[in-house]
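Reading the structure
Here's the letter readout for the chains.
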Amino acid sequence: MTLAGKRDPAIRVALLPRDTNGYGTIFGGIILSYIDQAAAVAARRVTPHDIVTVTMKEVVFKKPVYVADLISFYAEVTGTGTTSITTRVCVEAERARSPRETVPVTEAEVVFVAVDKNGRPVPV
Ligand SMILES: CC(C)(COP(=O)(O)OP(=O)(O)OC[C@H]1O[C@@H](n2cnc3c(N)ncnc32)[C@H](O)[C@@H]1OP(=O)(O)O)[C@@H](O)C(=O)NCCC(=O)NCCS
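All of the points below concern the structure found in this document.

Turning to the site of the ligand, a few remarks are in order. Residues in close proximity to the ligand total 13 residues, the closest being Thr53, Thr82, Thr83, Ser84 and Val113. Separating an oxygen atom of the ligand from a side-chain N or O atom of threonine 83 is a distance of 2.6 Å. Take serine 84: an N or O atom from its side chain is 2.6 Å from an oxygen atom of the ligand. When the free accessible area of the ligand is taken as 950 Å², the share hidden by the protein chains comes to 42%. Contributing elements (two or more residues each) for the shell around the ligand: strand E2 (50–57) and strand E5 (102–115). Here the element with the most residues in the shell around the ligand is E2; it accounts for four residues.

Below is the structure:
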């Protein structure tokens, strides 16, 4: 089951040929970067402090992403600790060549820590 149409993504983007790997599909590191940004969009609503990424867990790329696919990054906060904010990001690709086909690509848990001006953890 996909999330398309059920809620708004934190980020939606179509990527370019410059973002591809040697096989012509989108480079995984580009997707990771967007996952980090989408997670931050959700996490920053929880705290007025600056946040830094402490961990991204178990990112498995289940399907390839192609140039011009419309990629949606759905992010939500799943928990908070004293200084940490845990988020979940689900990534879906709407195929450029078949617009009604949306496939889950990957998902990840991303944890942030709220920090003060000296980069030290601070309660959220
Ligand atoms: C994030 C950072 C400030 C944490 O500093 P620290 O002294 O290790 O902090 P603590 O051990 O007190 O842990 C702070 C919180 O992070 C959580 N945490 C630390 N490591 C974690 C991990 N591997 N997974 C999940 N949570 C983790 C702790 O559980 C704690 O959460 P809580 O307060 O809600 O209980 C520090 O590691 C740092 O600056 N890292 C670099 C961050 C960065 O620059 N990221 C961008 C990419 S380079």
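Now that the structure has been shown, we can carry on.
The next subject is the nonpolar core. Ranked by internal contacts, the top residues of the largest apolar core, which has 23 residues, are Ile31, Ile35, Ile71, Phe73, Val89 and Val91. Every element with two or more residues in this core is listed here: strand E1 (11–14), helix H1 (28–43), strand E3 (70–80), strand E4 (84–94) and E5. A per-element tally of this core places H1 first, with six residues. Beyond its immediate chain neighbours, meaning those up to four positions away, phenylalanine 73 contacts Pro9, Ala10, Ile11, Val13, Ile31, Tyr34, Ile35, Ala38, Val89, Cys90 and Val91.

With that settled, consider the pattern of salt bridges. Counted under the stated rule, the structure contains seven salt bridges. With its nearest N and O atoms 3.3 Å apart, the salt bridge here joins glutamate 109 to lysine 57. Taken together, the residues span a long stretch of sequence, with glutamate 109 in strand E5 and lysine 57 in strand E2 at a distance of 52 residues. Each of Lys62, Arg88 and Glu107 takes part in a single network of salt bridges with overlapping partners.

Checked against the element boundaries, threonine 87 lands in strand E4. Exposure remark for threonine 87: the relative accessible area of 0% places this residue in the buried category. Sequence-distant contacts of threonine 87, defined by excluding residues within four places in its chain, comprise Ala39, Ala43, Glu76, Val77, Thr78, Ala108, Glu109, Val110 and Phe112.

Definitions and limits used
Residues numbered from 1 in each chain as written. Predicted model: local features only at pLDDT ≥ 70, side-chain atom pairs only at ≥ 80, totals over all residues. Heavy atoms only, no water. Near = heavy atom within 4 Å. Polar contact = N/O pair within 3.5 Å; in protein donor to acceptor, adjacent residues only side chain to side chain. Areas by Shrake-Rupley, 256 points an atom, 1.4 Å probe, with all protein chains shown as cover. Helix = DSSP H or I, 4+ residues; strand = E, 2+ residues; numbered from the N terminus. Core = buried A, V, L, I, M, F, W, Y, C linked by side-chain atoms within 4.5 Å. Buried < 20%, exposed > 50% of the residue type's maximum accessible area, 1.4 Å probe, protein only. Contact = heavy atoms within 4.5 Å. Salt bridge = Lys/Arg side-chain N within 4 Å of Asp/Glu carboxyl O.

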